[in-house]
Amino acid sequence: MESRHLLQPSDFSIAEINDMLRLAKRIIQNPIAYSEVCKGKVLASLFYEPSTRTKFSFDTAMLRLGGQVIGFSDPTTSSTAKGETVADSALTISKYADIIVVRHPKEGTARLMSKHAECPVINAGDGGHMHPTQTLTDLLTIVSYKPEIKDLTVGVCGDLKFGRTIHSLVTCLARFENIRFVFISPDELKMPVYVKDELNKMGVEYTETSSLDESIGSLDILYMSRVQRERFISEEDYLRLKDYFILTKEKMKHAKEDMIVMHPLPRVNEIATEVDSDPRAVYFHQVKYGMYVRMALIMTLLGIKDPLCE
Amino acid sequence: MINVSKLKKGIVIDHITAGKGYKIFRQLNLDELDAVVVLMRNVDSAKKGKKDLIKIETDLQINFDVLALIDPGVTVTYVLDGEKVKKVKLTPPNEVIDILSCKNPRCITNQEHIEHVHFRLVNAEKKLYACEFCDAQTSL
Ligand SMILES: [Zn+2]
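Residues numbered from 1 in each chain as written. Chains lettered and ligands numbered in written order. Predicted model: local features only at pLDDT ≥ 70, side-chain atom pairs only at ≥ 80, totals over all residues. Heavy atoms only, no water.

Section: the domain arrangement of chain A
Residues and elements named next belong to chain A. Its domain assignment divides chain A into domain 1 (9–129 + 290–302) and domain 2 (132–287). Just the C-alpha atoms count here: the centres of domain 1 and domain 2 sit 27 Å apart. In this complex, domain 1 contributes 25 residues to the contact, which on the side of domain 2 involves 19 residues. For the domain 1 and domain 2 pair, buried surface summed over both sides reaches about 1,800 Å², with 65% attributable to carbon and sulfur atoms. Across the contact surface, domain 1 and domain 2 share 0 salt bridges. Here domain 1 is connected to domain 2 by 6 residue pairs in polar contact (both at pLDDT 80 or more). Residue assignment for the side of domain 1 that touches domain 2 shows that the elements contributing at least two residues are α1 (14–29), α2 (52–64), β4 (121–126) and α11 (283–302). It is α1 that provides the largest number of residues to the side of domain 1 that touches domain 2, a total of 8 residues. Considered class by class, the residues forming the side of domain 1 that touches domain 2 number 14 nonpolar, 7 polar and 4 charged. (Domains from an automatic or database assignment. Contact = heavy atoms within 4.5 Å. Buried area = accessible area lost by both parts, 1.4 Å probe. Salt bridge = Lys/Arg side-chain N within 4 Å of Asp/Glu carboxyl O. Polar contact = N/O pair within 3.5 Å; in protein donor to acceptor, adjacent residues only side chain to side chain. Helix = DSSP H or I, 4+ residues; strand = E, 2+ residues; numbered from the N terminus. Nonpolar A, V, L, I, M, F, W, Y, C, P; charged D, E, K, R; others polar.)

Set out below in structure tokens:
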């Protein structure tokens, strides 16, 4: 049987994503009921570049499902140090693991592994290319505060030009019903044409502005992003743009009562710490949702039935 | 003007955008043929001002995908007994394998040798193709 993979968000239909989010919510409500569903299964967690946060999230997800984890978080200790190709590693590891999670600095590595592995492969980040479980985490966060992903105005603020995970979140959200976007960024960091082209093709409404103050009142969701130093050629440009948008208590006064503020973390200074105590600030909860959505994903890809839905 | 004898049997690739003739010559590996091959550059053209032109004096399986990728405006004419027998119109293929390589230095295809990488057409006008692994766009 051909294995199912998650390499990019579009590998799953909206109906499948909704099913997975519902499963994640059931797990949150009754984690004990799921604590042995993956008993006897092994997850191989292959981190060719370190990302402690993401690795912990996947490993804990598998352990909480009753499964076990093998892998590495430092490629210098693995067989790649002996020169084995990623393609060969995928095949050999899939001989003893039931599911593979891979993070790699090169773009397209997860797809390459999925072609050679004899088990499901999850992309845990391939360079700046795709990071689909971050997108799923964002979606689970949204449905934990909003009745469903529908009829929402989503503001995306900060570095919209280089943030590939933001592009994949936007193009994924755009597939849901009646989602509108407000892109808030300085001119230098505007949403790239390829994303806007896609939205135009789908008939999705969006506006672009450089004012967070003026647009915050219309939003149901505000997604803040990091402005990363390494994206800039000159230090001057970076310093000028880094503080362009900082979310403060003052700005939050103009936001709706039920707006939520999201951020992929870690933050630099895009959100003033004074905002953390605002109940609309949900970014620290996202970490928890990340683990639950990965539990639902692992179950889905392994074809494990929900014990509560039999 | 150099006089090139009229072709008896073979293929004429005409209306090549001036300057692209050599690239086509190379990509079709015409230097490996034993037959007579003529590459003419910067020929006066009523339509295009200047053009390149290639004559090949043998029948040959031409890789039309390569041609379409480099210069889709060319006309390919097959000649038999000095008569034009077939004209081929080119369209850029929807998928290309083994012709392009990914130019994205961060792509896994540039770290590990991968056979038969697929590229899908994303912009017919600009002849842009996206790598199946990293989605970066490239052209020939
Ligand atoms: Zn590539």
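A look at the packing of aromatic side chains
In the structure shown here, the tally under the stated rule is 6 aromatic pairs over all chains. Measuring from centroid to centroid gives 5.2 Å for Tyr-48 of chain A and Phe-72 of chain A, while their planes differ by 85 degrees, and the two rings are edge-to-face. One end of the pair, Tyr-48 of chain A, is in the loop between β1 (42–47) and α2; the other, Phe-72 of chain A, is in strand β2 (residues 68–72), and 24 residues separate them in sequence. The pair formed by Tyr-48 of chain A and Phe-72 of chain A is uniform in burial state, with each residue classed as buried. When the centroid spacing of 6.4 Å and the interplanar angle of 15 degrees are considered together, the rings of Tyr-22 of chain B and Phe-25 of chain B count as stacked. Placement of both Tyr-22 of chain B and Phe-25 of chain B in helix α1 (residues 21–27) is noted, with a separation of 3 residues, approximately one turn of the helix. What makes Phe-25 of chain B buried here is its relative accessible area of 18%. Through pairs of rings, three or more aromatic residues link up here, namely Phe-181, Phe-183 and Tyr-206 of chain A. Geometry around Phe-58 of chain A places Arg-294 of chain A over its ring, the cationic atom sitting 4.7 Å from the centre. Cation over ring: Lys-86 of chain B sits above Tyr-78 of chain B, and NZ or CZ is 4.7 Å from the ring centre. (Phe/Tyr/Trp six-rings, centres within 6.5 Å; stacked < 30°, edge-to-face > 60°. Buried < 20%, exposed > 50% of the residue type's maximum accessible area, 1.4 Å probe, protein only. Lys NZ or Arg CZ within 6 Å of the ring centre and 35° of its normal.)

Side note on the coordination of the zinc ion
Residues and elements named next belong to chain B. The protein atoms that coordinate the zinc ion are Cys-102 (SG), Cys-107 (SG), Cys-131 (SG) and Cys-134 (SG), at distances of 2.3 to 2.4 Å. Seen from the zinc ion, its 4 donor atoms lie at angles of 97 to 115 degrees, and the figure they make is tetrahedral. The sequence pattern describing where the donors of the zinc ion fall on their chain is C-x4-C-x23-C-x2-C. Since its relative accessible area comes to 0%, Cys-131 is described here as buried. (Donors = N, O, S within 2.8 Å, 3.2 Å for Na, K, Ca; no water. Tetrahedral: all angles 85-135°; square planar, octahedral: opposite > 155°, others 65-115°.)

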